[in-house]
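As a plain string of letters, each chain reads:
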Amino acid sequence: MRYAADAAWLMHKLKEEWMIGTWIMGILLIVTFVGFIAYAMRGGNLTVGFFVLSVLWTGVYYIGVLTGDNEPFNFIKDTFSQPALNYGGTAVQIIFGAWFGRVLVDTGIAASISNRTAQVGEKRPVLATILVALVTCLIFTSAYGVGSAIAVGVILFPIMARIGVPKKIAVSVFTLSIGAAMWVNSVLFVQFATFFEGYQSPDGQTVEWGNHYLSFGIVAMIIQMIAVILFILLNAKKIRNGEPYEVGDPNERVETKEVPVWTYIMPIVPVALSIFLKWEAVPSLLIATILTFLFTGNMKSLKGFVEKMNGTAKVAIGDIGGLLIMLFCLTMFQAAAIRVLSGFTPILGQFIPNNELVLALAVLILAPLVLFRGPLELFGAGAATVTILLGLGVFNGWFLYAVLVIPSTLGVSACFTQSWNMWSVEYLQLDAKTFLKTGVPVYWIASFFIMGAASLLLF
């Protein structure tokens, strides 16, 4: 009897210690997560934030090792090495996408399309603004990165300024149109898809680029562009009555190069190859890049072609260098988060609705929480949110993709912390508050219709 009592006492003490360890781990996770949200929302560097949180959460996991709840593991390899190495394929796609975007700009296609747009709508400012939106969307179906956005913006913003489009409308038209194009941009897609790599979806489907996704992505792009056009039409009177103004430095404006009109289709070539020939993103982008060089007369001599190729590649990679390092650190954070949160999944699951309709409506209503890299922004504090939802293992992969990417695209389209949005606001000297009040409602309303399309076409 004595031995039985001692054993019971020992088990009770071990249980108490486990509970204490779990409480300590839980409190530390909450404190560090809230700290990260505050840091991200105040504009902190995400590369630093993700790396520091990776270290901290690995440390929290090892508290569980000390209490006997967790098993030790090779964190140098499993958290800080292998995840970054596994991201190599995605990084390659980002590099080729950024390069193609730079080629579209430096060969003169982007500038030629933009100036032709201005000529068509010069005497009809509302029509011209709609055309600017459509051209922006067309270019960024394949172009990517703040460098490409700046190169196109210094052409399009002076056009809108010359016809008197108010600054707050001009900025939102530009950024929302880029955001619409991102629905079919393979470069951004692979960044989002990284969050779902290795996820065992209950329906057996995999989140990957292809016709299944594009059947939704194209519709989502159209819905968002309809919202942009309606936004322009609702502000038609302000646009017609607007006064012309100067923007940027006239000496820095790009001289338009003459290119054949039929080369204007080049921005959609990668998407077309993916749809009709079912090519992967890299060969689609590569062949589109080579054809762009060829059709714009940049392959007349080997020397000239090599110089142009090296120059565009150098600038493109420089544009996305910081982004790639941030994404590598993000993979480290994901690995640390998945491991440390695995023990808390049953507890967290009690606070998350398991009904798809309820969860979808909740994230749509709470979509502004993506702003300033908040808890619904995947490239922000939402990186931890997606880890929790994936850890539950009860939702299908494409449903989670829609539930998390649709709000995150609000950040891409209308949040000041997105690099090209920040540049646009600063270039037109618009205050951030006005930018948010103008652009956020447009996408927020459109997001309900985009979610509806996702329920029919994606999950």
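Residues numbered from 1 in each chain as written. Predicted model: local features only at pLDDT ≥ 70, side-chain atom pairs only at ≥ 80, totals over all residues. Heavy atoms only, no water.

K.L.:
I'm lost on the overall build of the protein chain in this one. Help?
P.N.:
When you go through the protein chain residue by residue, the secondary structure sums to 21 helices and zero strands. Taking 23 Å as the expected radius of gyration for a compact globule of 459 residues, we find that the protein chain reaches 24 Å, a close match to that expectation. Expressed along its principal axes, the backbone C-alpha trace of the protein chain runs to roughly 95 × 50 × 40 Å. Counting over 459 residues, the protein chain shows a buried share of 53%. Of the contacts formed within the protein chain by residues at least 6 apart in sequence, a portion of 81% connects residues at least 24 apart. Counting every atom, the protein chain has about 20,600 Å² of accessible surface; 67% of that belongs to carbon and sulfur. (Helix = DSSP H or I, 4+ residues; strand = E, 2+ residues; numbered from the N terminus. Rg over C-alpha atoms; globule rule 2.2 N^0.38 Å. Buried < 20%, exposed > 50% of the residue type's maximum accessible area, 1.4 Å probe, protein only. Contact = heavy atoms within 4.5 Å. Areas by Shrake-Rupley, 256 points an atom, 1.4 Å probe, with all protein chains shown as cover.)

K.L.:
Quick question: what am I supposed to make of the packing of aromatic side chains here?
P.N.:
Centre-to-centre distance and the angle between the planes together describe a pair of aromatic rings. The final tally for this structure, using the stated rule, is 37 aromatic pairs. Judged by centre distance (5.3 Å) and plane angle (50 degrees), the rings of Trp57 and Phe333 are tilted. In this pair, Trp57 sits in helix α2 (residues 46–66) while Phe333 sits in helix α15 (residues 302–341), placing the two residues 276 residues apart along the sequence. Taken together, the ring pairs connect Trp183, Phe189, Phe192, Phe195, Phe196, Trp209, Tyr213, Phe216, Phe379, Trp398 and Tyr401 into an aromatic cluster. (Phe/Tyr/Trp six-rings, centres within 6.5 Å; stacked < 30°, edge-to-face > 60°.)

K.L.:
Explanation requested: unusual backbone geometry in the structure shown.
P.N.:
One non-glycine residue with positive phi stands out, namely Lys278, at about 60 degrees. Examined against the element boundaries, Lys278 turns out to sit in the loop between α13 (269–276) and α14 (281–295). For Lys278, a relative accessible area of 60% corresponds to the exposed category. The phi torsion at Gln429 lies on the positive side, around 55 degrees, for a residue other than glycine. Structurally, Gln429 is set in the loop between α20 (419–427) and α21 (432–457). For Gln429, a relative accessible area of 69% translates into the label exposed.

K.L.:
Teacher, can you tell me more about a positive patch on the surface here?
P.N.:
Together, Lys168, Lys238, Lys433 and Lys437 line one region of the surface with positive charge. Tracing the backbone shows Lys168 in helix α9 (residues 167–181). Residue classification places Lys168 among the partly exposed residues on the basis of a relative accessible area of 31%. (Patch = residues over 30% accessible without salt bridge, like charges linked within 9 Å, V, L, I, M, F, W, Y side chains within 5 Å. Salt bridge = Lys/Arg side-chain N within 4 Å of Asp/Glu carboxyl O. Lys, Arg positive; Asp, Glu negative; His and termini not counted. Charge placed at Lys NZ, Arg CZ, Asp CG, Glu CD.)

K.L.:
Could you clarify how one ought to interpret the nonpolar core in this entry?
P.N.:
Nonpolar side chains in soluble globular proteins tend to end up buried together. Counting 160 residues, the largest nonpolar core has Trp57, Trp183, Tyr213 and Tyr401 as the members making the most contacts within it. Here this core gets 14 residues from one element, more than from any other, and that element is α15. If we skip the residues at most four places from it in the chain, Tyr401 touches Phe189, Phe192, Ala193, Phe196, Val207, Tyr213, Ile406 and Leu458. (Core = buried A, V, L, I, M, F, W, Y, C linked by side-chain atoms within 4.5 Å.)

K.L.:
What exactly am I supposed to notice about the packing of α9 against α21 here?
P.N.:
If you want to describe how two helices pack, look at the angle between their axes and the distance between the axes. Taken N-terminus to C-terminus, the directions of α9 and α21 make an angle of 45 degrees; their axes are 9 Å apart at the nearest point. Between α9 and α21, the interaxial angle falls into the category oblique. Between α9 and α21 the crossing geometry is right-handed. Contacts between α9 and α21 involve Lys168, Val171, Ser172, Thr175 and Leu176 on the former and, on the latter, Thr434, Phe435, Thr438, Gly439, Val442 and Tyr443. Its residues assigned to classes, the contact of α9 with α21 shows five nonpolar, five polar and one charged. (Axes fitted to C-alpha atoms, helices over the stretch in contact; angles between N-to-C directions. Parallel < 35°, antiparallel > 145°, perpendicular 65-115°, else oblique. Left-handed = near helix turned anticlockwise from the far one by under 90°. Nonpolar A, V, L, I, M, F, W, Y, C, P; charged D, E, K, R; others polar.)

K.L.:
Explain helix α8 (residues 146–162) here, please?
P.N.:
Residues separated by three or four positions in an α-helix point in the same direction, a consequence of the helix having 3.6 residues per turn. Between its terminal C-alpha atoms α8 stretches 24 Å, which fits the 24 Å expected from 17 residues at 1.5 Å a residue. Taken as a whole, α8 carries its principal kink of about 35 degrees at Gly153. With 14 of 17 residues buried, α8 is to be regarded as a mostly interior element. Once α8 ends, the next one or two residues include Gly164, with phi positive near 85 degrees. (Expected span 1.5 Å × (residues − 1). Bend = angle between axes of the 7 residues up to and from the residue.)

K.L.:
Please explain the layout of surface pockets as it appears in this structure.
P.N.:
Taking a probe equal in size to a water molecule and rolling it over the atoms shows the remaining empty space. For the second largest pocket, the calculated volume is near 570 Å³. Only α2, α10 (186–193), α15 and α20 provide two or more residues apiece to the lining of the second largest pocket. Sorting elements by how many residues they give to the lining of the second largest pocket places α15 first, with five residues. (1 Å grid on protein atoms, 1.4 Å probe; cavity = no way out; pocket = protein on both sides within 12 Å on 5 of 7 lines; lining within 4 Å. Points joined across faces, edges and corners; volume = space filled by probe spheres on them.)

K.L.:
How should the pattern of salt bridges be read in this particular structure?
P.N.:
A side chain with one charge can pair with a side chain of the opposite charge if their charged atoms come near. Under the criterion given, the structure shown has three salt bridges. When the shortest N-O distance is used, the salt bridge between Arg102 and Asp106 registers 3.2 Å. With Arg102 and Asp106 both in helix α5 (residues 88–106), this residue pair falls four residues apart, about one helical turn. Of the residues examined, Arg102 reaches a relative accessible area of 11% and is grouped as buried. Under the relative-accessibility criterion, Asp106 is labelled partly exposed at 21%. Residues Asp319 and Arg102 are paired through a salt bridge, measuring 3.5 Å at the closest nitrogen-oxygen approach. With Asp319 in helix α15 and Arg102 in helix α5, this residue pair connects regions lying 217 residues apart in the sequence. Among the residues examined, Asp319 registers a relative accessible area of 30% and is labelled partly exposed. Taken together, the shared-partner salt bridges in this structure form one network comprising Arg102, Asp106 and Asp319.

K.L.:
What exactly am I supposed to notice about the side chain of Ser148 here?
P.N.:
Looking at where Ser148 falls in the secondary structure, it is placed in helix α8. Note on Ser148: relative accessible area 2%, which makes it buried. Setting aside its immediate chain neighbours within four residues, Ser148 contacts Ala98, Gly101, Arg102, Val105, Phe140, Ala143 and Asp319.

K.L.:
Got a minute to help me understand α13 in this structure?
P.N.:
Listed as buried for α13 are Val269, Pro270, Val271, Leu273 and Ser274. Buried residues belonging to α13 abut α5, α11 (211–234) and α14. Where α13 ends, the next residue or the one after it, Lys278, has phi of about 60 degrees, a positive value.

K.L.:
Mind showing me how you'd approach a nonpolar patch on the surface here?
P.N.:
Together, Leu357, Leu361, Ile365, Leu366, Leu369, Trp444, Ile445, Phe448 and Phe449 make up an exposed nonpolar region whose accessible area comes to about 880 Å². Breaking the nonpolar patch down by element, the ones donating at least two residues are α17 (356–365) and α21. The biggest single contributor to the nonpolar patch is α21, with four residues.

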